[in-house]
Amino acid sequence: MAAASAVSVLLVAAERNRWHRLPSLLLPPRFPGLFRTWVWRQRTMKYTTTTGRNITKVLIANRGEIACRVMRTARKLGVQSVAVYSEADRNSMHVDMADEAYSIGPAPSQQSYLSMEKIIQVAKTSAAQAIHPGYGFLSENMEFAELCKQEGIIFIGPPPSAIRDMGIKSTSKSIMAAAGVPVVEGYHGEDQSDQCLKEHAGRIGYPVMIKAVRGGGGKGMRIVRSEQEFQEQLESARREAKKSFNDDAVLIEKFVDTPRHVEVQVFGDHHGNAVYLFERDCSVQRRHQKIIEEAPAPGIKPEVRKKLGEAAVRAAKAVNYVGAGTVEFIMDSKHNFYFMEMNTRLQVEHPVTEMITGTDLIAAGEKIPLSQEEITLQGHAFEARIYAEDPSNNFMPGAGPLVHLSTPRADPSTRIETGVRQGDEVSVHYDPMIAKLVVWAADRQAALTKLRYSLRQYNIIGLHTNIDFLLNLSGHPEFEAGNVHTDFIPQHHKELLLSRKAAAKESLCQAALGLILKEKAMTDAFTLQAHDQFSPFSSSSGRRLNISYTRNMTLKDGKNNVAIAVTYNHDGSYSMQIEDKTFQVLGDLYSEEDCTYLKCSVNGVASKAKLIILENTIYLFSKEGSIEIDIPVPKYLSSVSSEGTQGGPLAPMTGTIEKVFVKAGDKVKAGDSLMVMIAMKMEHTIKAPKDGTIKKVFYREGAQANRHTPLVEFEEEESDKRESE
């Protein structure tokens with residue numbers, strides 16, 4: 001097979017989906033633009049390369065939602081897709097969607113999705129002419145792009161030289177400075193000794209940012225606020241960078257407090273053309289990772305937008321960039337901006353740009369069909385990343401089954417980008433993102449309203465998610481006003497993480513009614529089979545209307561048990577007494593789109609909610625929000641205490657023990673680092689919860705620890721002995 005030059009098959013479809021407005025009907029003056037109707041005009045496109053080789057089969061060297069996303073576009077274009085998968089992903093959605101799928105090894109990404117040789121071999125076996133890397137994994141790996149070229153396989157992305165120049169942050173900053181793009185002060189040199197890095201940090205002045213020179217996604221990135229913590233943060237950044245990118249080199253740069261993170265989508269072709277597709281604001285982050293993005297950036301004036309775009313194009317042209325890429329800037333309160341890095345791939349948040357420009361950023365390798373002036377911006381779009389994580393526990397990632405998953409309906413202005421289905425597992429081995437919820441509307445306020453409405457319809461049971469957190473965030477007055485910056489979540493932490501309020505008594509009545517009606521449905525089914533004419537619940541017995549009796553029920557709201565006296569009335573209604581108040585309750589269950597709904601009236605106020613009862617928990621999802629009420633379990637069946645062995649820490653999640661810093665007999669102080677765990681592609685340092693002496697360390701480096709298992713045991717203190725005697 002003849003070697004092919006690196007080509008762009010990542011975008012150029014600027015006219016694939018062009019917005020066309022239809023005449024508006026019955027437009028209420030109070031809501032201008034809210035009810036405008038838009039349709040897509042599909043453009044027939046060729047999926048070709050500048051080498052003239054038609055692509056009929058493409059291998060997607062990735063997993064999850066981005067693999068599914070590429071496959072959908074490939075299918076529209078009549079191109080066959082080839083999936084690769086690890087043992088952990090054998091039954092995943094992207095495997096089912098592909099025309100062909102090949103196993104490439106064990107769950108750890110270094111033995112599967114990061115194995116260049118295995119992926120190239122699959123491409124040859126399947127006769128795929130091209131490889132699409134998605135984002136993450138090998139998407140910004142110059143060696144992989146070069147290997148594809150050597151093997152005569154088209155790498156769907158920029159040329160290796162651009163990946164090299166932009167992928168190494170120190171090199172990219174030098175190139176940008178020479179191209180007249182403003183950069184942040186820092187050290188990007190080759191001397192990686194601890195002493196050299198520490199000296200430059202002191203010269204630049206704390207706080208500083210340590211960054212892995214390769215990759216992105218917040219991996220290998222640490223903020224250092226004082227000289228005392230520099231060494232520990234440096235070692236942590238290096239370990240994470242090595243795990244993520246197989247390169248532990250770092251750079252140091254000045255950390256700008258409360259900046260905005262604004263990035264510009266660019267596209268270049270083989271004819272020397274480059275354009276920008278406007279900017280996205282990605283300021284709202286946790287753990288240096290984006291959580292919600294929007295396009296265009298709020299509060300950006302047209303003249304600043306133009307300067308941003310032109311600077312991004314200069315950056316792209318400086319490295320002869322081909323394909324879709326993102327130039328990232330930090331911006332201060334006066335809208336001065338500085339080059340941060342360039343991502344030589346699709347970004348997770350690329351759909352918001354697609355929504356405001358009517359483009360598809362996945363396909364084609366032809367000449368850019370539009371000039372800069374012809375690319376127009378329409379409306380406003382948000383993307384909310386739905387993660388398996390616990391915001392109340394420092395956004396700790398989680399893993400487990402999606403026992404229940406229901407989403408809002410997808411339509412031209414609502415996209416759900418996901419790689420999982422109900423019943424699938426969120427794996428401990430990979431990123432914990434479940435989906436991207438993307439919405440579009442005619443203006444920012446309308447888009448924000450649509451985002452909140454859609455989030456309420458995104459219902460997940462089985463593991464912790466950040467959906468309620470996203471609802472709080474999108475409803476925060478400062479976010480509504482567009483006053484966003486990278487410290488937004490820490491600054492508004494208390495308001496965004498509102499402590500759980502006690503459920504209203506009316507909600508407890510709804511939960512009780514749902515439980516009763518579910519019991520009744522099961523009893524009716526049983527008595528119908530057993531022909532039990534004497535059951536008080538049997539509708540066929542004719543006796544139900546003649547019976548009235550009271551049942552005592554206990555439900556658990558958070559940590560509080562709530563006693564409810566339920567009287568079954570002759571007319572089929574219920575009287576429910578909670579403390580000193582009585583409620584008249586009436587309702588029924590019905591099914592819609594494979595879900596059970598509770599239609600309920602409490603003291604004459606009607607409501608409708610999705611009802612799910614799993615194990616010992618009642619879930620109610622409605623337009624007002626969600627509530628979760630437990631059914632108490634007897635103490636003898638309760639799970640063991642979560643306090644650990646002799647006050648020792650527990651594993652916050654299932655993961656691999658990367659480093660162990662202590663051994664039996666060591667004396668430690670509260671806050672000392674005991675060990676480091678790697679889980680969900682992130683590093684977590686386990687610290688001592690108290691002063692004490694280590695009695696036993698339960699895990700060695702490289703071992704797998706399950707969630708909530710003890711990691712170390714402390715010696716029993718004298719005071720503890722006295723208390724136990």
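Refer to the structure printed above.
Residue positions are counted from 1 within each chain, in the order its sequence is given. The model is predicted, so local features are restricted to residues of pLDDT at least 70 and side-chain atom pairs to those at 80 or more, both for listing and for counting; the totals for chains, interfaces and linings are taken over all residues. Working from all heavy atoms in the structure, the side-chain values ignore hydrogens and water.

A few words now on the pairing of strand 19 (residues 380-387). For every residue, the accessible area (1.4 Å probe, protein chains only) is compared with the maximum for its type, and the residue is labelled buried under 20%, exposed over 50%, or partly exposed between those bounds. Helix and strand definitions follow DSSP, with helices as H or I runs of at least four residues and strands as E runs of at least two, each counted in order from the N terminus. Summarising burial for strand 19: 8 of the 8 residues are buried, a large majority. Burial of the side chains of strand 19 extends over both faces: H380, F382, A384 and I386 are buried on one face and A381, E383, R385 and Y387 on the other. Sheet analysis places strand 16 (residues 292-295) next to strand 19, joined by 4 bridges and oriented antiparallel. Within strand 19, the residue paired with E293 across the bridge is E383. When DSSP finds two or more bridges between a pair of strands, those strands are recorded as paired.

Quick look at the pattern of salt bridges now. By definition here, a salt bridge exists when the distance from a side-chain nitrogen of Lys or Arg to a carboxyl oxygen of Asp or Glu is within 4 Å. For the structure on display, the rule yields 41 salt bridges. Here R69 and D360 are joined by a salt bridge, their closest N and O atoms 3.3 Å apart. Of the two residues, R69 is situated in helix 1 (residues 64-76) and D360 in the loop between helix 10 (350-357) and strand 19; the sequence distance between them amounts to 291 residues. Pair check on accessibility: R69 and D360 agree, each one buried. Taking the shortest distance from any N to any O, the salt bridge between K306 and E310 comes out at 2.6 Å. With K306 and E310 both in helix 9 (residues 302-318), this residue pair falls 4 residues apart, about one helical turn. Under the relative-accessibility criterion, K306 is labelled partly exposed at 46%. Looking at E310, the relative accessible area reads 33%, which means it is partly exposed. Here the salt bridges share partners, and the residues they tie into one network are E263, R280, K290, E293, E328, E349, E383 and R385.

What follows concerns helix 11 (residues 444-456). Spanning 13 residues, helix 11 covers 19 Å between terminal C-alpha atoms, matching the ideal 18 Å at 1.5 Å per step. Every buried residue belonging to helix 11 is among R444, A446, A447, L448, L451, R452, S454 and L455, and all of these are buried. On its buried face, helix 11 sits against strand 16, strand 19, strand 24 (414-418), strand 26 (433-441), helix 12 (467-474) and helix 13 (477-480). N-capping of helix 11 is provided by D443, with a side-chain oxygen placed 3.3 Å from the backbone N of Q445. Between the first and last residue of a helix there are one fewer steps than residues, each counted as 1.5 Å, and that sum is the expected span. It only takes one pair of heavy atoms within 4.5 Å for two residues to be counted as in contact. Pairs of N or O atoms are called polar contacts if they sit within 3.5 Å, as long as, within protein, a hydrogen donor faces a hydrogen acceptor (for residues adjacent in sequence, only side-chain-to-side-chain pairs).

We now examine the packing of helix 5 (residues 160-167) against helix 6 (residues 169-178). All axes are obtained by fitting lines to C-alpha atoms, using only the stretch in contact for helices, and the reported angles, taken between N-to-C directions, cover 0 to 180 degrees. Packing of helix 5 against helix 6 brings their axes to within 5 Å, and their N-to-C directions diverge by 95 degrees. With respect to helix 6, the axis of helix 5 lies roughly perpendicular. Residues D165, M166 and G167 of helix 5 lie in contact with helix 6, whose contacting residues are K169, T171, S172, I175 and M176. In the scheme used here, Gly and all other residues not listed as nonpolar or charged are polar, with Ala, Val, Leu, Ile, Met, Phe, Trp, Tyr, Cys and Pro taken as nonpolar and Asp, Glu, Lys and Arg as charged. Of the residues belonging to the contact of helix 5 with helix 6, the class tally is 3 nonpolar, 3 polar and 2 charged. Each angle is binned into one of four classes, with values under 35 degrees roughly parallel, values over 145 roughly antiparallel, values of 65 to 115 roughly perpendicular, and all other values oblique.

So, on to the sheet that holds strand 7 (residues 154-155). Spatially, 5 strands are ordered 5-4-3-6-7 in an open sheet, and the strand pairing comes out parallel. Where the open sheet ends on each side, the last strands, each with one partner, are strand 5 (100-103) and strand 7. Bridge analysis of strand 3 (residues 57-60) against strand 4 (residues 80-85) gives 4 bridges, and the strand direction is parallel. Paired with I60 across the two strands is A83, which belongs to strand 4. Sheet strands touched by helix 1: strand 3, strand 4 and strand 6 (130-132). Its angle to strand 3, the strand with the most contacts, is close to 170 degrees.

Scope: geometric values only; no functional claims are made or implied.
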